[in-house]
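Here's the letter readout for the chains.
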Amino acid sequence: MSTAAPDDVQALVGRGFGSLDGARYVLLRVEDAAAARHCLRGLAVTSEAQARASRLTRVLQMAFTAAGLRALGLAVDAIPGFAPEFLDGLSGDPSRSRRLGDVENCAPSRWRWGGEAGEPHVLLILLAKQVEIDGYLAETLAALPGAACTVVQVNAGSGPVGREPFGFVDGVSQPDVDWDGTLKPGGAKDRLYREDIALGEFLLGHVNEYGFVADYPEAEGIGRNGTYLVYRQLEQDVVGFWRWTVLRAGEGGAMALAERMVGRRIDGDPLPALGSEGRNGFTFATDPDGLVCPIGSHIRRANPRSGDDPRGRRGFLGDLVSSLGLKGTAMHDAVASARFHRLLRRGRPYGTPPDTQALIAGEMPVEECGLHFICLNASLARQFEFVQGSWIASPYFGGLSGEQDPLLGNRCPANGGAPTDAFGYYDQHGTPRLVAGLPRFVTLVGGAYFFLPGLGGLARILRN
């Protein structure tokens, strides 16, 4: 059994605090290590135990880049167990940037923060009611004198929590974390897709979906109950998105086309005919050819709801035949099992989201908006980077060719110059359609990898 003490876990692991509609993401640079450690120790970091005990009105979370841990005096490169992706940083390797699709207009050289100008050192996440958040921010910054830390940037979250700027309900599908450690990965039941996921997929020092505890920085308890936090600021061209769908499908068909691109109804419900019980009670097993939910749609890429066996459970002999590879085709096995690649998403929108119907009618807002994409995972390579590189950005996902994620794709040509700007789907009459020339709707404008330690690990990082 693998359990975590909730008083040693930062609260963001357990919940997104949707009732607190104000958010500030404070990016800091350490100027003096001793002074910064002293000031940061004075901030009250919220634990999962506190969140379980009462309804909180203020939440503060603290995370560090590898550069930040070095600046605080921690010999992070000499401590075994930190992920190499974390030590490199999100923008520290051109090969990684290429695999993640962070090239051309999304390249680190164009970012507003976290790119060539250098990574921030510390991330403070402040959550409170919208009317109180700026006061909370002012109090927090007052505790951080410039001789200790300087503010690189403060990013504001706004808009309705749980709905992204294109207008779709967001964050519907989240894994159920096995906090009590009752899950036994590796059995026949894993041939089917399941929502409950081992704790070690999200917290370091615990058993993961492979059934063992992966390497993590064990020295002095720094890593246990910590996790890796991915922060990517995604600017969304909301006007361009709805203008393009209207151009392709007309005002009457724009919503239906947009919902096929996303793979859900705009209110978060599954597309009709998937046979869902509730918003998440479905898989794509009844729709293997994407007649209802297109193979290349956003939700199918972000979470293909696939089990260990692409054809599910078929009894002892059927399972044996499948395990021996004696039945099925390559197309049946085109997508990896989802349980090894799940993410806890904790993002929030920014800017004022425009009215979707007004956009379809041709009214144009002017304010920039987008998403502070934040996710938590224990393995940057196997979870975030796999999902982003092999499922979202890849033009070959699920045996497709020439398509990237219809929302998040950068539309850059694949190796050899092949286009990646197509989207295939079936219309309401069951007629296959292929549209080309999708513009880029989302641009990455900043990002970094952070380590979100447990409370015990945090105390060790900040001690004198």
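The rules behind these values
- Residues numbered from 1 in each chain as written.
- Predicted model: local features only at pLDDT ≥ 70, side-chain atom pairs only at ≥ 80, totals over all residues.
- Heavy atoms only, no water.
- Phe/Tyr/Trp six-rings, centres within 6.5 Å; stacked < 30°, edge-to-face > 60°.
- Helix = DSSP H or I, 4+ residues; strand = E, 2+ residues; numbered from the N terminus.
- Buried < 20%, exposed > 50% of the residue type's maximum accessible area, 1.4 Å probe, protein only.
- Lys NZ or Arg CZ within 6 Å of the ring centre and 35° of its normal.
- Disulfide = S-S within 2.5 Å.
- Salt bridge = Lys/Arg side-chain N within 4 Å of Asp/Glu carboxyl O.

Engineer: Mind laying out the packing of aromatic side chains, listing which residues take part and the relevant values?
Structural biologist: In total, this model carries 19 aromatic pairs according to the counting rule given. Aromatic pair W113 and Y231: ring centres 4.8 Å apart, planes at 55 degrees, arrangement tilted. Separated by 118 residues along the polypeptide, W113 in the loop between α5 (94-100) and β3 (122-128) and Y231 in strand β7 (residues 227-236) bring together distant segments of the chain. The same class applies to W113 as to Y231, namely buried. A ring pair is formed by F384 and Y449, whose centres lie 6.2 Å apart and whose planes are at 85 degrees; its orientation type is edge-to-face. Of this pair, F384 sits in helix α11 (residues 380-392) while Y449 sits in strand β13 (residues 442-452), placing them 65 residues apart in sequence. Judged on exposure class, the residue F384 and its partner Y449 are both buried. Feature note: the residues F166, F241, W242, W244 and F441 constitute an aromatic cluster, connected by ring pairs. Looking at R52, its charged tip hangs above the ring of W179, at a distance of 5.1 Å from the centre. Of note, R305 hangs over the ring of F282, and the distance from its end group to the ring centre comes to 4.0 Å.

Engineer: Can you lay out the state of the cysteines for me, pointing to particular residues and giving the numbers?
Structural biologist: By definition, a disulfide links two cysteine residues through a covalent bond between their sulfur atoms. If you walk through the whole model with that rule in mind, you get zero disulfides. With no disulfide partner, C39 has as its closest neighbouring cysteine sulfur the one in C149, 6.2 Å distant. There is no disulfide at C375, and the cysteine sulfur nearest it, in C106, is 17 Å away. Assessed through its relative accessible area of 0%, C375 is described here as buried.

Engineer: Tell me about unusual backbone geometry, and please be specific about residues and values.
Structural biologist: The backbone phi angle of A273 is positive, close to 85 degrees, even though this residue is not glycine. Residue placement: A273 occurs in the loop between α7 (238-262) and α8 (298-302). Positive phi is not limited to glycine here, since R305 has a value of about 55 degrees. By secondary structure assignment, the location of R305 is in the loop between α8 and α9 (315-323). Using a relative accessible area of 5% as the deciding quantity, one classes R305 as buried.

Engineer: Just give me the short version of the pattern of salt bridges, but keep the residues and values in it.
Structural biologist: Counted under the stated rule, the structure contains 24 salt bridges. Between E220 and R463 there is a salt bridge whose closest N-O contact spans 1.9 Å. Placement of E220 in the loop between β6 (196-198) and β7 and of R463 in the segment after α12 (455-462) is noted, with a sequence separation of 243 residues between them. The class of E220 is partly exposed, set by a relative accessible area of 47%. Where R300 meets D287, a salt bridge forms, and the shortest distance between an N and an O atom there is 3.3 Å. Here R300 is found in helix α8, whereas its partner D287 is found in the loop between α7 and α8, with 13 residues between them in sequence. Given the relative accessible area of 6%, R300 is considered buried. Members of the salt-bridge network, linked through shared partners, are D190, R194, E209, D308 and R339.

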